[in-house]
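# Tertiary structure, described
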Amino acid sequence: MRAHLRLENISASYFSGREKLAVLKGISIDVAAGEFVSLLGPSGSGKSTALKIAAGLIRPDYGDVYLGGHEITGQATRVGYMPQQDLLFPWKTLLQNAALPLLAAGLSPREASARVSGLLPVFGLEGFASYYPTRLSGGMKQRAALLRTVLIESSLMLLDEPFAALDALTREYLQEWLLQILNRFQRAVLFVTHSIDEAIYLSDRIYMISERPGRIVLEKQIDLPRPRSRSIVTSPLFAAYRESLMEALAAGSKE
Ligand SMILES: Nc1ncnc2c1ncn2[C@@H]1O[C@H](COP(=O)(O)OP(=O)(O)OP(=O)(O)O)[C@@H](O)[C@H]1O
Ligand SMILES: [Mg+2]
């Protein structure tokens, strides 16, 4: 199967003054069409950097990025990228925030507003179109940002820890909800998380990245049946995946 998104042998670094900070060291990541792939690893390991490279927002020092077979290294292409922070513009309402990609794609404000309004119930946001972000709960803000990401016309979504700031119950609820949304919208996803359980529950495949400079220390296929329900987290297979990922995390932190 040809990869839909491919990061090939990517190395990246940042400069602070004259100091060079090596962040990623030769990582390769594939995401097939319709596949849910997670990038899991410790804080500061370069996960967000990898996602920005996939989105074409940063050019790597080495390596190439391919989307649908085309080389797109360092070019901001039309992918649904949801950054880790600064999700919504505080001076725009929920509806205005969510409509941005549609306006950018050339829809009239009226068409964009109708399209967003039609999807508000799907995202549990009905009745909140005119609210500004400060009046939305954390979970609502995340759902609004996901709605905006889904509205970007692309077969790929890059999601950077979309549920990290939420309490455990809201987070579990949103994980199940995201799987339902994906059933409906059929996107490939590259998903960044710190949480081993979240990665196993959601993914078809997981890459574990080491501490900085990030290398891939494990690639794991997750063969849990779909549709998934919460009860699979207590299954022996889930526990076995958790154990091998925890081992890889520990091994990647020791060096
Ligand atoms: N714009 C930047 N300029 C300089 N250094 C940066 C920049 N962005 C990130 N870094 C550094 O690069 C390293 C990797 O950062 P990155 O945000 O990719 O990690 P991460 O795995 O996403 O971490 P977290 O899990 O905490 O979000 C960190 O040491 C960080 O300080
Ligand atoms: Mg990050």
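Structure's up top.
Described in the following lines is the structure provided in the data block. It should be emphasised that the depicted structure is a prediction, and the values quoted were computed from it without experimental measurement. (Residues numbered from 1 in each chain as written. Chains lettered and ligands numbered in written order. Predicted model: local features only at pLDDT ≥ 70, side-chain atom pairs only at ≥ 80, totals over all residues.)

### Brief notes about the overall build of the protein
Secondary structure summary: the protein contains 7 helices and 10 strands in total. In terms of C-alpha radius of gyration, the protein reaches 18 Å, essentially the compact-globule figure of 18 Å for 255 residues. A buried classification covers 36% of the 255 residues belonging to the protein. The long-range share in the protein, meaning contacts at least 24 apart out of those at least 6 apart in sequence, stands at 69%. (Helix = DSSP H or I, 4+ residues; strand = E, 2+ residues; numbered from the N terminus. Rg over C-alpha atoms; globule rule 2.2 N^0.38 Å. Buried ≥ 20, exposed ≤ 12 C-beta atoms within 10 Å, placed from the backbone. Contact = placed C-beta atoms within 7 Å.)

### Considering helix α1 (residues 47–54)
Where burial is concerned, most of α1 is hidden: 7 out of the 8 residues are buried. When we look at burial in α1, the residues that qualify are Lys47, Thr49, Ala50, Leu51, Lys52, Ile53 and Ala54.

### Quick word on the nonpolar core
Of all hydrophobic cores here, the largest spans 66 residues; its most connected members are Leu40, Ala50, Ala54, Leu158, Leu190, Tyr207 and Met208. The contact partners of Met208, leaving out residues within four places of it in the chain, are Leu40, Gly41, Val217, Leu218, Leu245, Ala248, Leu249 and Gly252. (Core = buried A, V, L, I, M, F, W, Y, C linked by C-beta atoms within 7 Å.)

### Observations concerning the site of ligand 1
Of all residues adjacent to ligand 1, which total 14 residues, the nearest are Tyr14, Ser43, Lys47, Ser48 and Thr49. Elements that contribute at least two residues to the shell around ligand 1 include exactly β1 (5–16), β2 (19–31) and α1. Looking at the shell around ligand 1, the element that brings in the most residues is α1, giving 3 residues. Tallied by class, the residues present in the shell around ligand 1 amount to 3 nonpolar, 9 polar and 2 charged. (Near = placed C-beta within 6 Å. Nonpolar A, V, L, I, M, F, W, Y, C, P; charged D, E, K, R; others polar.)

### Examining the sheet that holds strand β6 (residues 80–82)
Strand order in the open sheet formed by 6 strands is β6-β7-β8-β3-β9-β10, with mixed pairing between adjacent strands. Both edges of this open sheet fall to β6 and β10 (216–221), since each of them pairs with a single strand only. Within the sheet, the average angular offset between the axes of one strand and its neighbour, ignoring direction, is 15°. Against the sheet, helix α4 (residues 138–150) engages β6 and β7 (156–160), with an angle of about 160° to β6. (Pairing = 2+ DSSP bridges. Axes fitted to C-alpha atoms, helices over the stretch in contact; angles between N-to-C directions.)

### Observations concerning the sheet that holds strand β5 (residues 70–71)
Spatial ordering of the open sheet is given by β2-β1-β4-β5, a layout of 4 strands whose pairing is antiparallel. Across the chains shown, the open sheet's two edge strands, defined by having one partner strand only, are β2 and β5. Two strands pair when backbone bridges link them, and strand β4 (residues 62–67) and β5 are joined in this way by 2 bridges, in the antiparallel orientation. Bridge pairing links Tyr66 to Glu71 in β5. Sitting on the sheet, α1 is in contact with β1, β2 and β4, with an inclination near 120° to β1.

### Notes on the packing of helix α2 (residues 94–104) against α4
Relative orientation of the contacting elements α2 and α4 amounts to 25°, with a least axis distance of 7 Å. On the basis of the axis angle, α2 is roughly parallel to α4. Crossing hand, α2 versus α4: right-handed. Contact residues: Leu94, Asn97, Ala98, Leu100 and Pro101 in α2; Ala144, Leu147 and Arg148 in α4. Residues of the contact of α2 with α4, tallied by class, amount to 6 nonpolar, 1 polar and 1 charged. (Parallel < 35°, antiparallel > 145°, perpendicular 65-115°, else oblique. Left-handed = near helix turned anticlockwise from the far one by under 90°.)

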